Amino acid sequence: MDKLQKYAHMPLKQLQNRVWRTYEGGALIDRWKKTTPEIDGSMPEEWIMSAVTARGNNRPEDEGLSLIETEEGTFPLKELINSDLELYLGKTLADKFGTTGVLIKMLDSKERLTVQVHPDKEYARTVFNSEFGKTESWYVLNTREIDGEKSVVYMGFKKHVTREEWKEHFDNQNIQGMLDCLHKIEVKPGDAFMIYGGVPHAIGAGCFLMEVQEPTDYTMRVEKTTPNGLTIGPELIHQGVGEEKMLECFHYDNYTLDEALEAWKITPEVLESSDAFTLRTLFNKKHTNCFGLSELLLDGSHTIKGTSCFYVAVIYSGEGTMVCNGKEYTYSQGDEIFISAAISELTFKSNEASKILLCYPPN
């Protein structure tokens, strides 16, 4: 085991980790990764620093688990972490969860995703015996028009919606009826939203976003056929708990559009800035204690002090070096880097102006 512990003292880049989903997309992930050709297909998500397997029938057993290449060979991140939980995660997280407590995804939709909901902690505990629900956040990085339609998201029940009406639309598979129950919000790069457990939502076509969330793949879907015509099996509709129980996952609260935006749209705040960098917080403990997300805009150098807790740096654009424990490592656009709790400080130096997304576990 000792041989795996030395990797806690250096920044760790993960290998590409694309995941199958029921919707099509992914071309903007290829563009971000500078991969050609840019293809929309059935692997529209990149899972980052994941210790969670994806749910889906007839899929590879370990799909979704992140892999790290080392001198000793390629290991699942999960295995590195398990070699010394406290060293990699930090004592607090190691004691409380024994895992990262967070899942990060890049998601690019060519078609609208199915209308869905995720469990809050109470539902997850009682129905799935899980300490994690699936509260999540969206940070819109890029958009594209698909068939002349602008990028939108759907979230929250409008004022008129009742549980009875929602169930009726579900029973009749009245998809337009369901969409008409939700607020439709046009999005642009830079928009940020919290999606709490229990809130109905759908990501529209043409959205490329980072999703930081609780580390489960529990999704309750109310559409039995995707917009592209793919039939969704019962296990992906209700995760094995049955349709009645699935409908209980929704919170039947009603909102005007203004109330919905007030509740869930987040305005980034600048934490500190200089000629060399601007550090902004997007999601923090004002919004949730499940995870955090900040953004470092770098044109020079900036040192990040450790907080006895791991974090993840996702390089959205730019390139440069990282100085860690006296050694230099390179970074470039598309890199996904795990920085363990053992690293007390790390300095990013940009050779090219960089946008670095910093993702944090539960606080």
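Quick note: structure is the one above.
Throughout this description, residue numbers start from 1 for each chain and increase along the sequence as written. Totals for whole chains, interfaces and linings use all residues, but because this is a predicted model, local features are given only for residues with pLDDT of at least 70 and pairs of side-chain atoms are given and counted only at 80 or more. Values shown for side chains rest on all heavy atoms present in the structure; no hydrogens or waters enter the calculation.

**Observations regarding the overall build of the protein**
Alright, step 1. Here a helix means four or more residues in a row that DSSP labels H or I, a strand means two or more in a row labelled E, and each is numbered from the N terminus. Each helix and strand counted, the protein has 11 helices and 22 strands in total.
Alright, step 2. Against the globule reference of 21 Å for 363 residues, the protein gives a C-alpha radius of gyration of 20 Å, in line with a compact fold.
Alright, step 3. Overall, the protein is about 65 × 40 × 40 Å in size when its C-alpha atoms are taken along their principal axes.
Alright, step 4. The buried label applies to any residue whose accessible area, calculated with a 1.4 Å probe on protein chains only, is under 20% of its type's maximum; exposed applies above 50%, and partly exposed to all values in between. When each of the 363 residues of the protein is scored for burial, the buried share is 56%. Every radius of gyration here is taken over C-alpha atoms, with the globule rule written as 2.2 Å times N^0.38, N being the number of residues.

**Remarks on the sheet that holds strand E8 (residues 136-143)**
Alright, step 1. As summarised here, the arrangement of the 6 strands in space is E2-E3-E6-E13-E8-E11, forming an open sheet in which the pairing is antiparallel. Both edges of this open sheet fall to strand E2 (18-19) and strand E11 (192-195), since each of them pairs with a single strand only.
Alright, step 2. Where E8 lies against strand E13 (residues 207-213), 7 bridges are found, and the strand directions are antiparallel. From the neighbouring strand, Tyr 139 faces E13, where its bridge partner is Met 210. What makes two strands pair is DSSP finding at least two bridges between them.

**Some remarks on the environment of Thr 92**
Alright, step 1. On the secondary structure map, Thr 92 appears in helix H5 (residues 91-96).
Alright, step 2. Its relative accessible area of 65% is what places Thr 92 among the exposed residues.
Alright, step 3. With 270 residues separating them in the primary sequence, Thr 92 and Pro 362 have C-alpha atoms 9.9 Å apart.

**Observations regarding the packing of aromatic side chains**
Alright, step 1. Classification of ring pairs rests on two measures: the distance between centres of Phe, Tyr or Trp rings, Trp counted by its six-membered ring, which must be within 6.5 Å, and the angle between planes, read as stacked under 30 degrees, edge-to-face over 60 and tilted in between. A full pass over the atoms with the stated rule returns 15 aromatic pairs.
Alright, step 2. Pairing Trp 32 with Phe 208 gives two aromatic rings, centres 6.4 Å apart and planes at 50°, and the pair type is tilted. A residue pair is termed long-range when its members are at least 10 positions apart, and Trp 32 in helix H2 (residues 27-33) and Phe 208 in strand E13 qualify at 176 residues. As far as the burial class goes, Trp 32 and Phe 208 line up, both buried.
Alright, step 3. Ring centres of Trp 166 and Phe 250 lie 5.5 Å apart, and the angle between their planes is 70°; on these two criteria the pair is classed as edge-to-face. Note that Trp 166 is positioned in helix H7 (residues 163-172) and Phe 250 in the loop between helix H10 (243-247) and helix H11 (257-264), a separation of 84 residues in sequence.
Alright, step 4. Accessibility expressed as a relative area gives 0% for Trp 166, which makes it buried.
Alright, step 5. Judged by relative accessible area, which is 3%, Phe 250 ranks as buried.
Alright, step 6. An aromatic cluster is built from Phe 157, Trp 166, Phe 250 and Tyr 252, whose rings are joined through pairwise contacts.

**Some remarks on the environment of Thr 74**
Alright, step 1. Residue placement: Thr 74 occurs in strand E5 (residues 73-76).
Alright, step 2. Distance from Thr 74 to Lys 224, taken between C-alpha atoms, is 38 Å for residues 150 residues apart in sequence.
Alright, step 3. What makes two residues a contact is simply this: any of their non-hydrogen atoms within 4.5 Å. Discounting chain neighbours no more than four positions away, the residues touching Thr 74 are Leu 15, Leu 67, Ile 68 and Glu 69.

**A word on the pattern of salt bridges**
Alright, step 1. The rule for a salt bridge is simple: a side-chain nitrogen of Lys or Arg has to be within 4 Å of a carboxyl oxygen of Asp or Glu. If you walk through the whole model with that rule in mind, you get 30 salt bridges.
Alright, step 2. Put simply, Lys 134 and Glu 136 hold a salt bridge, and the shortest N to O gap is 3.5 Å. A single burial state applies to Lys 134 and to Glu 136, both of which are buried.
Alright, step 3. A salt bridge links Glu 295 to Arg 280, with the nearest nitrogen and oxygen atoms 2.8 Å apart. Of this pair, Glu 295 sits in strand E17 (residues 292-298) while Arg 280 sits in strand E16 (residues 277-283); the two residues are 15 residues apart in sequence, bridging distant segments of the chain.
Alright, step 4. Since its relative accessible area comes to 1%, Glu 295 is described here as buried.
Alright, step 5. The structure contains a network of salt bridges with shared partners spanning Lys 6, Glu 71 and Glu 72.

**Observations concerning the pairing of strand E9 (residues 152-157)**
Alright, step 1. Among the 6 residues in E9, 6 count as buried, and that is most of the element.
Alright, step 2. Sheet topology note: the E9/strand E10 (residues 182-186) ladder contains 5 bridges and is antiparallel. Note on E10: the bridge partner recorded for Val 152 is Glu 186.
Alright, step 3. Two strands pair when backbone bridges link them, and E9 and strand E12 (residues 201-203) are joined in this way by 3 bridges, in the antiparallel orientation. Within E12, the position partnered with Val 153 by the bridge is Ile 203.

**Thoughts on unusual backbone geometry**
Alright, step 1. The linkage connecting Thr 36 with the following residue, Pro 37, adopts the cis geometry, with an omega of -5°.
Alright, step 2. For Pro 37, the position within the fold is in the loop between H2 and strand E3 (45-48).
Alright, step 3. Phi angles above zero are rare outside glycine, and Asp 147 is one such case at about 50°.
Alright, step 4. The phi angle at Asn 325 is positive, at roughly 50°, despite the residue not being glycine.

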